[in-house]
Amino acid sequence: MKKELSREPFVQKTKYQNLGMLDKVGIVKRIAQELQDGWYVNLGIGIPTLVANYIPQGISVEFQSENGLLGMGAFPYDGEEDADLINAGKQTVTLLPGATLFDSATSFAMIRGQHVQLTVLGAMEVAENGDIANWKIPGRMVKGMGGAMDLVASAENIIVAMMHTNKKGESKILSNCTLPLTGVACVKKVVTNLAVMEIKDGAFHLIERAPGVSVEEIQNATEGTLIVEGEIPEMQLD
Amino acid sequence: MNKVVANSNKAIEGIKDGMTLMLGGFGLCGIPENCIGSLVKKRITNLTCISNNAGVDDFGLGLLLQQRQIKKMISSYVGENDEFERQMLNGELEVDLIPQGSLAERCRAGGAGIPAFFTPAGFGTEVAEGKEIREFNGKPHILESALTADFAIVKAWKGDPFGNLIFKGTARNFNPVMAMAGKITIAEVEELVEPGELDPNQIHTPGIFVQRIFQGVDYEKRIEQRTVRSKN
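Every value quoted in this text rests on a predicted model; they were computed, and no experiment measured them.

Novice: Tell me about the overall build of chain B, and name the residues and values.
Specialist: A count of helical and extended segments in chain B gives six helices and eleven strands. Relative to the compact-globule value of 17 Å for 232 residues, chain B shows a C-alpha radius of gyration of 18 Å, a close match. A principal-axis box enclosing the C-alpha atoms of chain B has dimensions of 55 × 50 × 40 Å. Taking all contacts inside chain B whose residues are at least 6 apart in sequence as the whole, residues at least 24 apart take part in 72%. With the model as given, the accessible surface of chain B reaches about 9400 Å², and the carbon-plus-sulfur share is 47%. Counting 26 positive and 29 negative side-chain charges, chain B places the averaged centre of each group 3 Å from the other.

Listed below in structure tokens is the structure:
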């Protein structure tokens, strides 16, 4: 008999920080609403990983981890972790029924060849033309781009999960990125602690507000061009 | 055909100062622990290392960095190693950061006799500087060249004297593509089995890509981010 593998949602203990009107969980809950049945999805390291906890009912998606795994399951039970089974964030994971393992070149063939329907990743800055920066702060921090450049250059659907402003309150939603770019004109949608925005025709278009956040507050926190048309609804979470 | 050598010290014979090495692994998963140990012991220096990551401060390639044995790193992500970041920001270490998919494909191409290829990854970024740009299907692509190495060092789960390899879990990662791209490829395996024991249908890396093989010892298999849930 094959071992019955769990389809329970991922569980990750995090310190929920109230970094704005929405916390990390709010952001990922909103992004999870974008998932469509049958999609293959790549979740970036950090906040995007949490999207897996909030898959809407009745929706079946498979998560791709660029280190060579499709059909990624929950974190293992304590004591059942396997050093040979990790995700792109180097965390121990499990396999779901139907999972598959492959080498790095095959993994990026899936990504570059547009077989993955959605990429969710974090960013330090996003610009109104869809540019994204998330891998380097010159002279201070260089972690490398990992798979982010391959993902953003090829994915048809890219959602960025990020905070609207930095710790100093400066906007990260910009007319032009100031940091070295990860990709050009590629981001289509941004979900922040304040808003959901679509990027088209060289501008951010406000689609939804976080609960309790006014259009003015979003405008004040946005350095790039923000188009506001008509009544902007609040995000519906839960 | 018998490619078996006794141990990692024998396997790395011929690796000299200044050579270019490929080392398989993603983070600490699927790294050739035994051969790294022997490179540290033999103090071979001035190495150019092609590996997706650079280990952590006290394990994996971090051990070579500690002893300043690496002149240049070619990687995609190096965020877990403080010593690496310090050496890089001080200009003590040359670093070439490459998008992960381009790194994998450049190794694969090197092993497959394809000198270069076009990819959209990195267009409009620092990665594209000095590289030929060409448009295909209305989209700009950059020309990336193949990578090869004097020695490729990979880690597999099972292998046989022919050099045939089977990997386990996500420890496969860069190992198969790097195995293809070494002028000499060394495979260390957890279990070396008799010829004919591996099912030909299940072999991931055909032995033609491997020149030396040995059964490794004392695998630590350190977990970088142990993440678990409780049964309750």
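Novice: Please set out the pattern of salt bridges residue by residue, giving values where relevant.
Specialist: Under the counting rule described, the total for this entry stands at 25 salt bridges over all chains. Between E190(B) and K221(B) there is a salt bridge, with the nearest N and O atoms lying 3.1 Å from each other. Remark: K221(B) occurs in the segment after β11 (212-215) and E190(B) occurs in strand β10 (residues 182-192); sequence separation between them is 31 residues. K221(B) gets classed as partly exposed once you look at its relative accessible area, which sits at 21%. The salt bridge partner of E220(B) is R222(B), with a shortest N-O separation of 2.8 Å. Given a relative accessible area of 27%, R222(B) falls into the partly exposed group. The network of salt bridges with common partners includes D82(A), D84(A), K155(B), K168(B), E190(B) and K221(B).

Novice: Describe unusual backbone geometry, naming the residues involved and giving the relevant values.
Specialist: Residues and elements named next belong to chain B. In this structure, N46 is a non-glycine residue whose phi angle is positive, near 60 degrees. You can see N46 is positioned in the loop between α2 (33-42) and β2 (47-50). A positive phi angle, near 55 degrees, is found at D218, a position not held by glycine. Looking at the element boundaries, D218 is found in the segment after β11.

Novice: Break down the nonpolar core for me, with residues and values.
Specialist: In terms of nonpolar packing, the biggest core is built from 53 residues, with V126(A), V160(A) and V190(A) touching the most fellow members. Not counting chain neighbours up to four residues away, the residues in contact with V126(A) comprise D131(A), V160(A), M162(A), K172(A), I173(A), L174(A), C177(A), V187(A), V190(A), I199(A) and F204(A). Judged by nonpolar contacts, the second largest core, of 39 residues, contains M149(A), I15(B), V40(B) and L47(B).

Novice: Lay out empty space enclosed by the protein in plain terms, naming residues and giving numbers.
Specialist: Using the criterion set out here, one finds five cavities of 30 Å³ or more in the structure. When its volume is computed, the largest cavity comes out at roughly 100 Å³. Together, 13 residues line the largest cavity, and L43(A), G44(A), T49(A), M72(A) and N87(A) are the ones closest to its centre. Considering only enclosed or pocket space, the second largest cavity measures out at about 60 Å³ in volume. Along the walls of the second largest cavity sit A83(A), D84(A), L28(B), C29(B), G30(B), I31(B), E33(B), K155(B), Y219(B), K221(B) and R222(B), which together make up its complete lining. Of the residues in the lining of the second largest cavity, the class split is five nonpolar, one polar and five charged.

Novice: Let's hear about the interface of chain A and chain B: which residues, and what values?
Specialist: At the interface, 54 residues of chain A touch 51 residues of chain B. Summed over both partners, the interface of chain A with chain B buries about 4400 Å², with 58% contributed by carbon and sulfur atoms. On the chain A side of the interface with chain B, the three residues burying the most area are D84(A), K90(A) and K143(A), jointly 18% of the side's total. Our enumeration of links across chain A and chain B arrives at seven salt bridges.

Novice: Quick rundown of the sheet that holds strand β6 (residues 133-136) of chain B? Include the residues and the values.
Specialist: All names here are of chain B. Spatially, three strands are ordered β5-β7-β6 in an open sheet, and the strand pairing comes out antiparallel. Lying at the two open borders of the sheet, with one neighbouring strand each, are β5 (116-119) and β6. Taking the axes of each pair of neighbouring strands and ignoring which way they run, one obtains an average angle of 40 degrees across the sheet. Its contacts with the sheet put helix α5 (residues 100-112) on β5 and β7 (139-145), and the angle it makes with β5 is roughly 155 degrees.

Novice: Give me the lowdown on the environment of P76(A), citing residues and values where you can.
Specialist: Residue placement: P76(A) occurs in the loop between β3 (69-72) and β4 (95-101). Residue P76(A) is classed as buried on the basis of its relative accessible area of 1%. Sequence spacing of P76(A) and I86(A) is ten residues, and the spatial spacing of their C-alpha atoms is 10 Å. Those residues in contact with P76(A), other than ones at most four positions away along the chain, are E81(A), T92(A), V93(A), T94(A), T227(B), V228(B) and R229(B).

Novice: Before we move on, can you summarise the pairing of strand β1 (residues 40-43) of chain A with the specific residues and values?
Specialist: Residue and element names in this part refer to chain A. Relative to strand β2 (residues 62-65), β1 runs parallel, the two being bridged by three bridges. For N42, the partnering residue across the bridge sits in β2 and is Q64. The sheet contact formed by β1 and strand β5 (residues 118-122) spans three bridges and is parallel. Opposite L43, over in β5, you have V120 as the bridge partner.

Novice: Please give an account of helix α4 (residues 82-89) of chain B that cites residues and values.
Specialist: Of all the residues in α4(B), the buried ones are E83(B), F84(B), E85(B), Q87(B) and M88(B). Those residues of α4(B) that are buried lie in contact with β9 (141-142) of chain A together with α3 (62-66), β3 (70-75) and β4 (94-97) of chain B. By the N-cap criterion, in which a side-chain oxygen at the helix start approaches the backbone nitrogen of a residue two or three places on, α4(B) is capped by N81(B), the distance to E83(B) being 3.1 Å. Of the residues one or two after α4(B), G91(B) is the one with positive phi, at around 75 degrees.

What counts, and where the lines are drawn
- Residues numbered from 1 in each chain as written.
- Chains lettered and ligands numbered in written order.
- Predicted model: local features only at pLDDT ≥ 70, side-chain atom pairs only at ≥ 80, totals over all residues.
- Heavy atoms only, no water.
- Helix = DSSP H or I, 4+ residues; strand = E, 2+ residues; numbered from the N terminus.
- Rg over C-alpha atoms; globule rule 2.2 N^0.38 Å.
- Contact = heavy atoms within 4.5 Å.
- Areas by Shrake-Rupley, 256 points an atom, 1.4 Å probe, with all protein chains shown as cover.
- Lys, Arg positive; Asp, Glu negative; His and termini not counted.
- Charge placed at Lys NZ, Arg CZ, Asp CG, Glu CD.
- Salt bridge = Lys/Arg side-chain N within 4 Å of Asp/Glu carboxyl O.
- Buried < 20%, exposed > 50% of the residue type's maximum accessible area, 1.4 Å probe, protein only.
- Core = buried A, V, L, I, M, F, W, Y, C linked by side-chain atoms within 4.5 Å.
- 1 Å grid on protein atoms, 1.4 Å probe; cavity = no way out; pocket = protein on both sides within 12 Å on 5 of 7 lines; lining within 4 Å.
- Points joined across faces, edges and corners; volume = space filled by probe spheres on them.
- Nonpolar A, V, L, I, M, F, W, Y, C, P; charged D, E, K, R; others polar.
- Buried area = accessible area lost by both parts, 1.4 Å probe.
- Pairing = 2+ DSSP bridges.
- Axes fitted to C-alpha atoms, helices over the stretch in contact; angles between N-to-C directions.
- Polar contact = N/O pair within 3.5 Å; in protein donor to acceptor, adjacent residues only side chain to side chain.

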